[in-house]
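Descriptive structure summary
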Amino acid sequence: MKKRVRNVMLSALFLTGSLMMTEQASAAKVGPEEWTEYRMNSENNPVYNSSFDEEIQDVIETNNQIRSTPVIVGNNAYIGNHESGDLYSYNLVEGTMNWEAKAPNWVHSEMIYAEDNLFVGFGNRYFKENGTRGTEDSGVLSLNPETGETRWKFETDGEVMPTPAFHDGTVYIVAGDRHLYAVDAESGEEEWNLELGHVMSMSSPTIEDGMLYVGGGAPTPYTFTAVDLEKEEISWQTEFPEAYAGLDDVPPVIYEDSVITTALEGEEDDNPTHMIYAMNTDNGEMKWKDSLGQGEMVKNNKSGAPMIYEDQVFVASPITKSYYAYNAADGEQNWKYEANVSKAPPVAEDGTVYFTDKEGFVYAFDTETYELLGSKELGGVLAPSGPVLMNGTLIVGSQDSNVYALPTSDVRGSSDASFFWTSPLGIILFAATALLAVVLLFILRKRTARKDPRRVGK
């Protein structure tokens, strides 16, 4: 009898444990509970893992180009459109749209999520006569993440194309009107603001240990700024007298006591030099810098954004059409790979780094050997803000108006058309192959003509 009771108790415990495990597995989400700044963290490497183990493969269709990173919170992807300003919440597990809303102007900002609120910047790149960047409506919306309803609207004189950052109950906004704004996250009321003196185009601020870091553009010299958020004052500013583009487009990254960014130097009419810099987070002094090389100028985002993974800086250059890995501590270049034009920061996990480009491809490389592990063609010009990795799913927006979600194994296991044929070696090999084909065709035609019976006696 005792043995039977014990067996029943063990069975009940086993059943309870199994139910709990099933419940936990079903409760696991695709993404994190919050997303408080550009690409989720100060390393620009948005990776999240839980016990969620379903495979997601989807193409999310929207109404306009996507140039910002899709933000994943829980099972929902939050997406914004470029020119139309359309906003979306999409359930990745169910494959259904939760809601659609609209911002008053372009959306290049991510929809960050904190304390059950969504925050998204809006504005365009056009200049007013007074030098302010952004015409028509500019500012930030707070949205209800369940319904898409607007909770408040904070207006600015200049565009808010950079992604705002949330810290300790406050939303921090940098704008095309050369200001930093601190706004109460619940009420939308301004707490304070600072004149930074430079236009922020697309350089989304990074916050680390109560300090905010951001790159600024016009007027020259281009200037990088660090702000002490507790003191509500500029801690330091570093001028870049040789830079003329890119510094105001690049969201910086933090590595230990370094803040790392990129910019273009040289003469505007000549081939620019793409530079990478590391500054001391305490005082802005230059720790190291290096040239990625020279190349042709590109439109819009002109300087690739860096990403930190396991003591390395990974960055793409749209100017040199190459991918790079640097030692984050001393600036030694570890790797360079000739590619297509790419402006987006990559994402890395489990020893693999994933780059995207404007030809619609995703490439996977080993982060130690730098071996090419695979390539996958998606579509359109993939967004300049780059891909994210959520529980083994790579998610990236495109200027073809779609968001692509696919298992990372699909990238590593594929070998779609490579950018090899656009590299100098590929072009030379292609030209040599074409020339050889012409020569062989000429020889073949001569031989055929000699055997033609109609030529006998002529």
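Residues numbered from 1 in each chain as written. Predicted model: local features only at pLDDT ≥ 70, side-chain atom pairs only at ≥ 80, totals over all residues. Heavy atoms only, no water.

1. Observations concerning the overall build of the chain
Helix and strand counts for the chain stand at 3 helices and 34 strands. With 458 residues in all, the chain has 57% of them scored as buried. Within the chain, counting contacts between residues at least 6 apart in sequence, those at least 24 apart form 50% of the total. Of the accessible surface of the chain, which amounts to about 20700 Å², a share of 48% is contributed by carbon and sulfur atoms. (Helix = DSSP H or I, 4+ residues; strand = E, 2+ residues; numbered from the N terminus. Buried < 20%, exposed > 50% of the residue type's maximum accessible area, 1.4 Å probe, protein only. Contact = heavy atoms within 4.5 Å. Areas by Shrake-Rupley, 256 points an atom, 1.4 Å probe, with all protein chains shown as cover.)

2. Let's talk about unusual backbone geometry
The peptide bond linking Ala-218 to Pro-219 adopts the cis configuration, its omega dihedral lying at 0 degrees. Mapped onto the elements, Pro-219 comes out in the loop between strand E16 (211-216) and strand E17 (222-228). In the segment running from Thr-220 into Pro-221, the intervening peptide bond is cis, with an omega of -5 degrees. Inspection of the secondary structure puts Pro-221 in the loop between E16 and E17. Positive phi, close to 55 degrees, is recorded for Lys-321, a residue that is not glycine. Here Lys-321 is to be found in the loop between strand E25 (312-317) and strand E26 (322-327). Lys-321 gets classed as partly exposed once you look at its relative accessible area, which sits at 39%.

3. Brief notes about the packing of aromatic side chains
A complete count under the given rule lists 21 aromatic pairs for this structure. Relative to Trp-152, the ring of Phe-119 lies with its centre 5.8 Å away and its plane at 40 degrees, an arrangement referred to as tilted. Remark: Trp-152 occurs in strand E10 (residues 150-155) and Phe-119 occurs in strand E8 (residues 117-122); sequence separation between them is 33 residues. Just as Phe-119 is buried, Trp-152 falls in that class too. Members of the aromatic cluster, each reached through a chain of ring pairs, are Tyr-323, Trp-335, Tyr-337, Phe-355, Phe-365 and Tyr-370. (Phe/Tyr/Trp six-rings, centres within 6.5 Å; stacked < 30°, edge-to-face > 60°.)

4. A word on the sheet that holds E10
Pairing within the open sheet is antiparallel, and its 4 strands lie in the order E7-E8-E9-E10. Pairing within the sheet leaves two strands with one partner each, and these edge strands are strand E7 (112-114) and E10. Taking each pair of neighbouring strands and ignoring which way they run, the sheet shows an average axis angle of 20 degrees. (Pairing = 2+ DSSP bridges. Axes fitted to C-alpha atoms, helices over the stretch in contact; angles between N-to-C directions.)

5. Re the environment of Glu-136
Examined against the element boundaries, Glu-136 turns out to sit in the loop between E8 and strand E9 (139-143). Considered as a pair, Glu-136 and Gly-123 are 13 residues apart in the sequence and their alpha carbons are 7.6 Å apart.

6. Some details on the pairing of strand E2 (residues 58-61)
Only one face of E2 is covered, namely the face carrying Asp-58 and Ile-60; the face carrying Val-59 and Glu-61 is uncovered. Alignment of E2 against strand E34 (residues 402-407), held across 4 bridges, turns out to be antiparallel. Paired with Glu-61 across the two strands is Asn-402, which belongs to E34.

7. Some details on a negative patch on the surface
Taken together, Glu-33, Glu-34, Glu-115, Asp-116, Glu-146, Asp-168 and Glu-186 make up a surface patch of like negative charges. Examined against the element boundaries, Glu-115 turns out to sit in the loop between E7 and E8. (Patch = residues over 30% accessible without salt bridge, like charges linked within 9 Å, V, L, I, M, F, W, Y side chains within 5 Å. Salt bridge = Lys/Arg side-chain N within 4 Å of Asp/Glu carboxyl O. Lys, Arg positive; Asp, Glu negative; His and termini not counted. Charge placed at Lys NZ, Arg CZ, Asp CG, Glu CD.)

8. Digging into the nonpolar core
If you look at the biggest cluster of nonpolar residues, it comprises 48 residues, and the most contacted ones within it are Trp-35, Ile-72, Leu-87, Leu-92 and Phe-119. At 4 residues, the largest contribution of residues to this core is made by E8. If sequence neighbours within four positions are ignored, Leu-92 has contacts with Val-30, Ile-56, Ile-60, Ile-72, Asn-75, Ala-77 and Ile-395. (Core = buried A, V, L, I, M, F, W, Y, C linked by side-chain atoms within 4.5 Å.)

9. Overview of the confidence of the model for the chain
On average, residues of the chain score 90 in pLDDT, and 85% of them are at 70 or above. Ignoring residues within four places in sequence, the model shows residues 1-25, a span with pLDDT below 50, making 2 contacts including any to other chains. Per-residue pLDDT stays below 50 along residues 419-427; that stretch engages in 20 contacts with residues further than four places along the chain or on separate chains. (pLDDT = per-residue confidence, 0-100.)

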